[in-house]
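This is what each chain is made of:
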Amino acid sequence: GWGPSPGAKEPAAPRRADAAVPAKQLMVAASPAEGEIMGQGPFGLTYFLQGALAGGICCSLTHGAMTPVDVVKTRIQLDPATYNQGFIGGFRQIAAAEGAGALLTGLMPTAQGYFIQGWFKFGGVEFFKVQLTKTLGEQSAWDNRNSIYLAAAAGAEFIADIFLCPFEACRIRLVSDPTYASGMAGCASRLVSENGVIGGFYAGFIPILFKQIPYTMAKFAVQGKAAESIYAGMGSEPSKMSKGGNLCVSLGSGVIAGVAAAIISHPADSLLSKVNKAGAGGSGGLMSRLTNIAAEEGFVALATTGLFARCVMIGTLTAGQFGVFDIVMGMVGAKKFHFTDPKNPH
């Protein structure tokens, strides 16, 4: 029955051709009309809007909840001589001197600014991830998934920061000088009337980019890698896990990503807190002020002052963000896009 082995080679070529057909079909399926890639989807406008909404909610909630921590961190960075009793001591000092309400300074600009930033950041990351995967093709995208995470995060963060910067300028001014204005709108109008739109709102734009882009690149790339490692360690993958299981992976990988991202971006965060303080770095242009502040402080001080507080804050924050993002995506009926190996599909 095994005699005609040469004839058996005949169908081999069509089989190779057949093997190529699913790839072609997948590429056709990856067209915007279908939007299906790596056996998931479709990923169209609705999915990206769901991702943006989930991102806005998760960033607004987590950053809003961390406002007291951020107030203490910012005060320690701006005035380490006064706030020299450590992180917990900082809470006590502010509450004793100004009342507990002072710990919520800047809550509104924080919640508003980070909703808008989260909308563009998480929505943008999902958009760029899917589009780059479609452009590169599935196998190439899988092989280069870390680079896709980095590029998607950088592109999304740049767009998000254009919208975040005015809110961040108001927040830092209100935290450093609570008497400057009675609220968000008053602070914004006074900043613009005194400094102009660029000087008032975008004095910290370059430091925000230096802080946020490496932070976001590290956050998404490390979280993606950590989640992948956790799933691999459990011999599972997102499609085989319960919602609760996937949420636990998001939280665990989020903590790892947050601490890594906090350490990488801390020097720029310290610089940003100082450049928004009135009179810091002299009266020259932005770059000369930044250079003056960096020279006065030194790199070690910029990299370490308030770092523990920031690791606690960003570790918790990032875990919360990825957790809330997953919960909201589930509530709106969307399944988050995960990189999967085309050679080893679900």
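What you see is a predicted model; the values in this text were computed from it and never measured.

(A) Just the environment of His63, in detail. Along the chain, the position of His63 falls in helix α3 (residues 45-65). Taking the relative accessible area as the measure of exposure, His63 reaches 10% and is therefore buried. Leave out the neighbours within four places in its chain, and His63 touches Thr110, Tyr114, Leu317 and Gln321.

(B) Region of interest: the pattern of salt bridges. The final tally for this structure, using the stated rule, is twelve salt bridges. Between Glu157 and Lys121 there is a salt bridge whose closest N-O contact spans 3.7 Å. Residue Glu157 is found in helix α8 (residues 145-176), and its partner Lys121 is found in helix α6 (residues 107-136); the two are separated by 36 residues along the sequence. By relative accessible area, which is 0% here, Glu157 ends up buried.

(C) Examining the layout of surface pockets more closely. The volume enclosed by the largest pocket comes to roughly 1,100 Å³. Contributing to the lining of the largest pocket are 40 residues, with Pro238, Ser239, Asn246, Lys336 and His338 lying nearest its centre. Elements that contribute at least two residues to the lining of the largest pocket include exactly α8, α10 (205-234), α11 (243-275) and α14 (307-331). Examining the composition of the lining of the largest pocket, we find that six residues originate from one element, α10, more than from any other. Of the residues assigned to the lining of the largest pocket, the class counts are 16 nonpolar, 15 polar and nine charged.

(D) Looking closely at the environment of Ala156. You can see Ala156 is positioned in helix α8. According to the relative accessible area criterion, Ala156 is buried, its value standing at 1%. Spatially, the C-alpha atom of Ala156 lies 9.3 Å from that of Gln117, the residues being 39 residues apart in sequence. Ignoring anything within four residues of it in the chain, the contact list for Ala156 reads Phe120, Lys121, Gly124, Val125 and Phe128.

(E) Examining empty space enclosed by the protein more closely. What the rule picks out here adds up to two cavities of 30 Å³ or more. Mapped onto the lining of the largest cavity, the elements with two or more residues apiece are α4 (67-78), α6, α8, α10, α11 and α14. Residue composition of the lining of the largest cavity, grouped by class: seven nonpolar, five polar and eight charged. Roughly 50 Å³ of volume is contained in the second largest cavity.

(F) Just the nonpolar core, in detail. Ranked by size, the top nonpolar core spans 29 residues in total, and within it Phe43, Tyr47, Phe122, Val130, Phe220, Phe337 and Phe339 carry the most contacts. Breaking this core down by element, the ones donating at least two residues are α3, α6, α7 (138-143), α8, α10 and α14. It is α8 that contributes the most residues to this core, six residues altogether. If sequence neighbours within four positions are ignored, Phe122 has contacts with Gly51, Gly55, Cys58, Cys59, Lys219, Phe220, Gln321, Phe322 and Phe325.

(G) Layout of the packing of aromatic side chains. Within the structure shown, the criterion is met by 16 aromatic pairs. Judged by centre distance (4.6 Å) and plane angle (70 degrees), the rings of Phe43 and Tyr47 are edge-to-face. Given the relative accessible area of 2%, Phe43 is considered buried. Seen from their ring centres, Phe158 and Phe205 are 6.2 Å apart, and the 65 degrees between their planes marks the pair as edge-to-face. Note that Phe158 is positioned in helix α8 and Phe205 in helix α10, a separation of 47 residues in sequence. Classification of Phe205 by relative accessible area gives buried; the value is 15%. By way of ring pairs, the aromatic residues Phe43, Tyr47, Phe48, Phe127, Phe128, Tyr149, Phe337 and Phe339 are connected into one cluster. The ring of Trp142 carries Arg145 above its face, with NZ or CZ at 3.8 Å from the centroid. Positioned over the ring face of Tyr180 is Arg173, at 4.8 Å from the centre of the ring.

Scoring rules and cut-offs
Residues numbered from 1 in each chain as written. Predicted model: local features only at pLDDT ≥ 70, side-chain atom pairs only at ≥ 80, totals over all residues. Heavy atoms only, no water. Helix = DSSP H or I, 4+ residues; strand = E, 2+ residues; numbered from the N terminus. Buried < 20%, exposed > 50% of the residue type's maximum accessible area, 1.4 Å probe, protein only. Contact = heavy atoms within 4.5 Å. Salt bridge = Lys/Arg side-chain N within 4 Å of Asp/Glu carboxyl O. 1 Å grid on protein atoms, 1.4 Å probe; cavity = no way out; pocket = protein on both sides within 12 Å on 5 of 7 lines; lining within 4 Å. Points joined across faces, edges and corners; volume = space filled by probe spheres on them. Nonpolar A, V, L, I, M, F, W, Y, C, P; charged D, E, K, R; others polar. Core = buried A, V, L, I, M, F, W, Y, C linked by side-chain atoms within 4.5 Å. Phe/Tyr/Trp six-rings, centres within 6.5 Å; stacked < 30°, edge-to-face > 60°. Lys NZ or Arg CZ within 6 Å of the ring centre and 35° of its normal.

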